[in-house]
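If you want the building blocks of each chain, they are given just below.
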Amino acid sequence: MEKKIIYLALIIITILSGGADTTVDDVTCISEQIGIDISGSKIIEKTDTHGSFHGDGMMFV
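Residues numbered from 1 in each chain as written. Predicted model: local features only at pLDDT ≥ 70, side-chain atom pairs only at ≥ 80, totals over all residues. Heavy atoms only, no water.

**Looking at the overall build of the protein**
Argument step 1. Along its length, the protein carries two helices and two strands.
Argument step 2. Put simply, the protein runs from its N terminus to its C terminus through helices and strands in the order α-α-β-β.
Argument step 3. Within the protein, buried positions represent 7% of all 61 residues.
Argument step 4. If you take every contact in the protein between residues at least 6 apart in sequence, the share linking residues at least 24 apart comes to 13%.
Argument step 5. Accessible surface computed for the protein: about 5600 Å², of which carbon and sulfur atoms make up 61%. (Helix = DSSP H or I, 4+ residues; strand = E, 2+ residues; numbered from the N terminus. Buried < 20%, exposed > 50% of the residue type's maximum accessible area, 1.4 Å probe, protein only. Contact = heavy atoms within 4.5 Å. Areas by Shrake-Rupley, 256 points an atom, 1.4 Å probe, with all protein chains shown as cover.)

Below, the structure written as structure tokens:
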């Protein structure tokens, strides 16, 4: 019984940690990171390698 509870807790933690990705507009995210208002800009090309479990990777815009 105790092992079932541990396995259930691990499954719940795994599901919740995988859903931590929030959808934010790329222009807004970049604007906040560099500290410059670029709201009127247009994204010409984007490469994103954040496809792994923990979101590791790089984004080039």
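**Remarks on the environment of Thr 28**
Argument step 1. If you trace the backbone, Thr 28 turns up in helix α2 (residues 26–34).
Argument step 2. Classification of Thr 28 as partly exposed rests on a relative accessible area of 35%.
Argument step 3. Along the primary structure Thr 28 and Ser 39 are separated by eleven residues, whereas in three dimensions their C-alpha atoms are 6.9 Å apart.

**What to know about α2**
Argument step 1. Turning to α2, its buried residues number three or more, namely Asp 26, Val 27, Ile 30 and Ser 31. Relative to the axis of α2, the buried residues are bounded by an arc of 130° and lie together on one face. Those residues of α2 that are exposed and aimed more than 90 degrees away from the buried face are Glu 32 and Gln 33.
Argument step 2. Of the surrounding elements, those touching the buried residues of α2 are β2 (59–60).
Argument step 3. Phi for Gly 35, located one or two positions after α2, is positive at around 75°. (Arc of directions from axis to C-beta.)

**Observations regarding the side chain of Ser 31**
Argument step 1. Along the chain, Ser 31 turns up in helix α2.
Argument step 2. Among residues more than four places away in sequence, those in contact with Ser 31 are Ile 36, Asp 37 and Ile 38.

**What to know about the environment of Lys 42**
Argument step 1. As for its position among the elements, Lys 42 is in the loop between α2 and β1 (47–48).
Argument step 2. Taking C-alpha positions, Lys 42 is 8.2 Å from Val 27, a pair spaced 15 residues apart along the chain.

**A short note on a nonpolar patch on the surface**
Argument step 1. On the surface, Ile 6, Tyr 7 and Leu 10 cluster together into a nonpolar patch covering about 320 Å² of accessible area.
Argument step 2. Here Leu 10 lies in helix α1 (residues 2–18). (Patch = residues over 30% accessible without salt bridge, like charges linked within 9 Å, V, L, I, M, F, W, Y side chains within 5 Å. Salt bridge = Lys/Arg side-chain N within 4 Å of Asp/Glu carboxyl O.)

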